[in-house]
Structures are given as structure tokens and as C-alpha cells.
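Chain residues, written in single-letter form:
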Amino acid sequence: MVRVSSRLPTSTRPAASNGLVARIAVQALAAVVAGYLAMAVTAGLGLWAAGAADLPGGFTAVLAAVVVMAAGGKVELSGDAGSLAGTQAELTAMPLTVTLVGALVTGFCFLRPLRHHAVAGTRELLVRAASVVVLWLAGLLGLSALARHDFPITIGVGDEGQNPLTDLFGELLDAVNPTVGFRTDVGPTLFYGLLWILGVLAVALLVSRRTPLPPRLVRYHEPVRPAAFAMLLLLLAYVAVGLVIGIVVAATKGHAAETLAVLLLGLPNVSWLALGVGIGGSWQGKVEGPFGLPMPQVLDGVLRGGGDSPDLSTVDLSSLAEQDARAWWLLPIAAVLLLAAAFLAAVRSPARVRLWQHSLHLGIAFALTMLVVTPLTLVEARFGLSILGIGDLDSLGGEVVLRPDVWKTVGLALLWGLVLGFLGGLLATRVHRKGEVAAQPPK
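The residue count restarts for each chain, going from 1 along the sequence in the order it is written. Selection of residues for local features in this predicted model requires a pLDDT of at least 70, selection of side-chain atom pairs for listing and counting requires 80 or more, and totals for whole chains, interfaces and linings are taken over all residues. Hydrogen atoms and water are omitted, and side-chain values are computed over all heavy atoms in the structure.

A.B. asks: I'd love a proper account of the overall build of the protein chain, names of residues and values included.
C.D. replies: By the criteria applied, helices consist of DSSP H or I runs no shorter than four residues and strands consist of E runs no shorter than two, each listed in order from the N terminus. Secondary structure assignment for the protein chain yields 13 helices and eight strands. Here the term buried applies to any residue with accessible area under 20% of the maximum for its type, exposed to any over 50%, and partly exposed to those in between, with areas from a 1.4 Å probe on protein chains only. Put simply, the protein chain has 443 residues, and 43% of those count as buried. Here the protein chain has roughly 23000 Å² of accessible surface; of this, 66% comes from carbon and sulfur atoms. For the accessible areas, the method is Shrake-Rupley and the probe is 1.4 Å, while residue cover comes only from the protein chains on display.

A.B. asks: Which residues make up the confidence of the model for the protein chain, and what values go with them?
C.D. replies: The pLDDT score gives, residue by residue, the confidence of the prediction method on a 0 to 100 scale. Taken residue by residue, the protein chain gives an average pLDDT of 82. The fraction at 70 or more is 76%. Working rule for contacts: check all heavy atoms of both residues, and any pair within 4.5 Å makes them a contact. For the stretch residues 387-395, pLDDT sits under 50, and the model shows 24 contacts to residues farther than four places along the chain or on other chains. Here residues 437-443 is modelled with pLDDT under 50, and outside its nearest four sequence neighbours on either side it reaches two contacts, counting other chains as well.

A.B. asks: I'd like a description of the pattern of salt bridges, backed by residues and values.
C.D. replies: Here the idea is simple: oppositely charged side chains can pair when their charged atoms come close. Just to be clear on terms, a salt bridge is a Lys or Arg side-chain nitrogen sitting within 4 Å of an Asp or Glu carboxyl oxygen. Taken as a whole, this structure holds five salt bridges when the rule is applied. For Glu 288, the salt bridge is made with Lys 286, and the minimal N-O distance between the two is 3.0 Å. Classification of Glu 288 as partly exposed rests on a relative accessible area of 22%. A salt bridge links Asp 324 to Arg 326, with the shortest nitrogen-to-oxygen separation between them at 2.7 Å.

A.B. asks: I'd love a proper account of the packing of helix α7 (residues 221-252) against helix α12 (residues 355-376), names of residues and values included.
C.D. replies: Relative to each other, α7 and α12 sit at 50°, their axes nearing to 9 Å. On the basis of their axis angle, the class for α7 and α12 is oblique. Note on packing geometry: the crossing formed by α7 with α12 is right-handed. Counted together, Pro 223, Ala 227, Met 231, Leu 234 and Leu 235 of α7 and His 361, Leu 362, Ala 365, Phe 366, Thr 369 and Val 373 of α12 form the full contact between these two elements. Across the contact of α7 with α12, the residue classes tally to nine nonpolar, two polar and no charged. Convention adopted: a line fitted to C-alpha atoms gives each axis, helices being fitted over their contacting stretch, and angles between N-to-C directions are expressed from 0 to 180 degrees. For classification, angles of less than 35 degrees are called roughly parallel, those exceeding 145 degrees roughly antiparallel, those between 65 and 115 degrees roughly perpendicular, and all remaining angles oblique. Crossing handedness is defined as follows: a turn of the near helix away from the far one that is anticlockwise and smaller than a right angle gives a left-handed crossing, while the clockwise case is right-handed. Each residue is assigned to one of three groups, with Ala, Val, Leu, Ile, Met, Phe, Trp, Tyr, Cys and Pro labelled nonpolar, Asp, Glu, Lys and Arg labelled charged, and all others, Gly among them, labelled polar.

A.B. asks: Just give me the short version of empty space enclosed by the protein, but keep the residues and values in it.
C.D. replies: Sizing a probe to match a water molecule and rolling it over the atoms shows the empty space that remains. Buried and open spaces are told apart on a 1 Å grid over the protein atoms alone, a cavity being a set of points where a 1.4 Å probe fits but cannot get out and a pocket being an open set with protein on both sides within 12 Å along at least five of seven lines. Residues with an atom within 4 Å of a point are the lining residues. Grid points are joined across faces, edges and corners, and a volume is the space filled by probe spheres set on the points. Applying the stated criterion to the full structure yields three cavities of 30 Å³ or more. The volume enclosed by the largest cavity comes to roughly 70 Å³. Lining the largest cavity are Glu 222, Pro 223, Pro 226, Ala 227, Ala 342, Ala 345, Ala 346, Ser 349, His 358, His 361, Leu 362 and Gly 421. Elements with a contribution of two residues or more to the lining of the largest cavity: α7, α11 (330-347) and α12. In terms of residue count, the dominant contributor to the lining of the largest cavity is α7 (four residues). Class assignment of the residues belonging to the lining of the largest cavity gives a composition of seven nonpolar, four polar and one charged.

A.B. asks: Talk me through the packing of aromatic side chains; I want residue IDs and the actual numbers.
C.D. replies: Both the distance between ring centres and the angle between the ring planes are used here to describe each pair of aromatic rings. Centre distance within 6.5 Å is the pairing criterion for rings of Phe, Tyr and Trp, where only the six-membered ring of Trp is used; planes under 30 degrees apart are then read as stacked, over 60 as edge-to-face, and the remainder as tilted. Going through the model one piece at a time under the given rule, you end up with three aromatic pairs. Judged by centre distance (4.0 Å) and plane angle (10°), the rings of Tyr 36 and Trp 136 are stacked. Within this pair, whereas Tyr 36 is found in helix α1 (residues 12-49), its partner Trp 136 is found in helix α4 (residues 122-146), the two being separated by 100 residues in sequence. Of the two residues, Tyr 36 and Trp 136, neither departs from the other in class, the shared state being buried. Seen in terms of ring centroids, Trp 136 and Trp 196 are 5.1 Å apart; in terms of plane orientation they differ by 10°. Their pairing is stacked.

A.B. asks: Talk me through the packing of α11 against helix α13 (residues 406-428); I want residue IDs and the actual numbers.
C.D. replies: For the pair α11 and α13, interaxial distance at closest approach is 7 Å and the crossing angle is 55°. Comparing the axis directions of α11 and α13 gives the class oblique. Crossing angle aside, the handedness with which α11 passes α13 is right-handed. Residues Leu 331, Ala 334, Ala 335, Leu 338, Leu 339, Ala 342, Phe 343, Ala 346 and Val 347 of α11 form the contact with α13, whose participating residues are Trp 416, Gly 417, Leu 420, Gly 421, Leu 423, Gly 424, Gly 425, Leu 427 and Ala 428. A class-by-class count of the residues in the contact of α11 with α13 yields 14 nonpolar, four polar and no charged.

A.B. asks: Would you mind going over α7 in detail, with residue names and values included?
C.D. replies: In this model α7 runs 46 Å from its N-terminal to its C-terminal C-alpha over 32 residues, within 8% of the 46 Å that 1.5 Å per residue would give. Among the residues making up α7, those that are buried are Arg 225, Pro 226, Ala 227, Ala 228, Ala 230, Met 231, Leu 234, Leu 235, Tyr 238, Val 239, Gly 242 and Gly 246. Against α3 (96-111), α6 (186-207), α8 (256-278), α11 and α12 lie the buried residues of α7. Just past α7, the residue Gly 254 takes up positive phi, approximately 85°. To estimate how far a helix should reach, multiply one less than its number of residues by 1.5 Å.

A.B. asks: With reference to specific residues and values, describe the pairing of strand β8 (residues 398-404).
C.D. replies: Along β8, six of the seven residues are buried, which leaves the element largely enclosed by surrounding structure. In terms of strand pairing, strand β5 (residues 283-288) meets β8 through six bridges, oriented antiparallel. Pairing of Trp 283 across the sheet is with Pro 404, part of β8. At least two bridges found by DSSP between two strands are what make those strands a pair.

A.B. asks: Could you give an account of the side chain of Lys 286, with specific residues and numbers?
C.D. replies: Summarising the element assignment, Lys 286 is placed in strand β5. Under the rule applied, a polar contact is a pair of N or O atoms within 3.5 Å (in protein, one hydrogen donor and one hydrogen acceptor; residues adjacent in sequence only if both atoms are side-chain atoms). At a separation of 3.0 Å, a polar atom in the side chain of Lys 286 contacts the side chain of Glu 288.

Structure representation (C-alpha cells):
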């Protein structure tokens, strides 16, 4: 009897392995390029709508800086006004529309090659993730080198109503060409960029229903993925509602370019703040000086409510409703959309999952979602120009602060998730689900 071996010759194994590694590298490169390209296009359109295309030679640098910030990087502001004056500048914010687009595109491209796999090996998944991470950080490092520029500060002299200090020292400041610029802080940028891309890949695996998991993680498929997918849809639903409102405002209220800039750069900043406020969460903030938030006037009105007081104003349902009674609609909207998410999570779960488990799954998922999303809405921006140490010029200084009360919002999210997770599971009992055998009619 002749024995036929079913194994491939040993010499073919390295070639097959090398081919797989090369294919994974190409797919990872495609995911990274697609993600950065989507972010650049979104940021570029937003900056164009905001009028940044007219910047003197700095549009490319500003575009790179926005993408770096959207990927979790840190951009520092700096100023130079010679020996007669000092400048102070600070900016902490994320353009979350750019962030969201980049995360969706990168995550989709990362998962796409795995869609036809019956099983995902742990080693292959780690190689794919590592390839994307390394290439992503390399791209972030390249963008960091581009994200640097200096702009001149133009100070008019003798304008009616101008600050006296500006009248007195304007000509001297013009002589030393005061500037403000920005640079990327490479160390923190790479660190937070690493956390960003790891988070994107982890969330992509969590929300995908069809992507296979390694054998050791299969047991987490049923309790984690339905709730994670429901939370993703909840966040996207808020963004979609905000987009519709923004388009209506742009078409009916004027200032279409400014509204479009907000939609393309910071729509989730507003939408997810509305979600947190709708469940009872709060933010602390203030606006001083000529600068403000490119956001709804009702929010700007609350933040300016403190005037020159050093205390921060509280942004919550009641304070927003004092500016505009329609803010109370945020409460029922949050209830309806979260209940829909709870129902969807329950429908996508096996029929054997009990009501208290639905409640627990959604409560934890919603709390974790708000723990991740809420800090991303942080905004801190300051700029000041002082003359001979006397103090900030009112016409050139400003401050914008918006800080979330993270743990209060997360605690409320847990309670909302527990209650509406139970109700969503109760509603889903009337729907045929996976693992449920339909009753046979009597013969």
C-alpha cells in the first residue's frame, strides 16, 4: 500500500506564511491610508467652510494639526511678541467629526479582510492589529512634522473704541512683529495616538457581529457584542439627528458656511453633549472675551451667564432651558433613543438571555460608552497678550472652557442603562429571536 501524505511539503510553508504576512501588510496599509484620507478630506472641507483657506501660507499645516488632534494628538500654541509684551496661548479640544469619520473608515477597512473567515486565529489577529498600529503611528509622526506654523498678529492703531493699551503700544508691537503659532508635542501625540488606534480596533471587533473571534474570546460574543453594537448605533443616531438639525439651520437661519464648518469639525461634540445633558449629566464652563464656541447660541449663552465671575457656569437641562425652553426635549429624546438601543440589543441577543442580564449588559455598556465619550467633549482654549506685564488686552485676550462632570454623567448612564435595558428586554420577548423555537400548531 502506498501512503499519501496530506501535508504540504515543508519548503512551501515559509512561502505561504510570507505570502500571508505580505497580504496582511498591504491590507493594513490600505486601512491606514483610507482612514487618514477620510480624516483629511473631512477636516479640509470643514476648514474651508470656516474660512481657513485664506490663511497666509498655513492651510496645510492647520489641516495636519486638525488631523493630529482628531487622532488624539496634542498641539501646543506658542507666541512671540518681543521683549515688550508676552503672549499666552492654550488649546485642548478634539474635532470629533474628523475623529468619528477616521474611526469608522479605519475600523471598516480593518474588519473587511476578516469577513469571510470562519475562525480568526489569535496570532493572525495580533499581526493584523500590530501592522495597523505601527503604520498608523508612522503616519501620525509624519503629520506631526507638518503641523507647525506661525501667524502674525495684526494690531490696528487708532481705531475708534480700541483698548487704550493697544493705542499706546500698537506701533511698538508692529515693530517687533508679534506672532502666534502651533507645534505638535510629539511624545504625548504618539502615546495618545497609540491609545486611539488601539481603541478603534478594539471597538471595531466589539461591535462587529460577523467578524470571527479567537476561540478563547468566543464566549464573550453573546454578552458583549449586541450591547456594544447598540451603543454605537445610539451615538451615530445622535450624530444623525444633529446633522439634520444643522442642515435645517443652515438652510433657514443663514450663516450656512459657519454651520457647515461646525458640522464637519465638531458635530459629535454637540450631539454627544446633548446625550449627556439629556440623561441628567452636566458640564462646567465659561466664555470670556471676543472668542466663543462655534456651537448653538443657547450653549454660548449659558457659558457667558457668569459674566466676569471666576466661577464656572453649569450646563445642564435646567440652565439650557432657561435660555430656550425647547431644551427640555433632550430628556424624552434620550429616553426614546436609548430604549430603541436597548430593544435592538435584546433582539440581537439569544432568547435564553434573561431580563436582568439585558439590564446589566446595557447598563454597563452605556456607562462605559459615556466614560469614553464624555471626556472627549472637553474644550479649553485661552489666548492673551500682555504689555510690559500690565495685563491682558481685552481686545486680544479670551478664554473658553467646557469641562464635563464625568463621574456624575457615567453614574446616571449606568442607572438609565439598567432601567431601559430591562424595558428593552421586556419588549423583545414579543419578537422571535435566535435560539428560540417557535411553537408548533396542534395537529
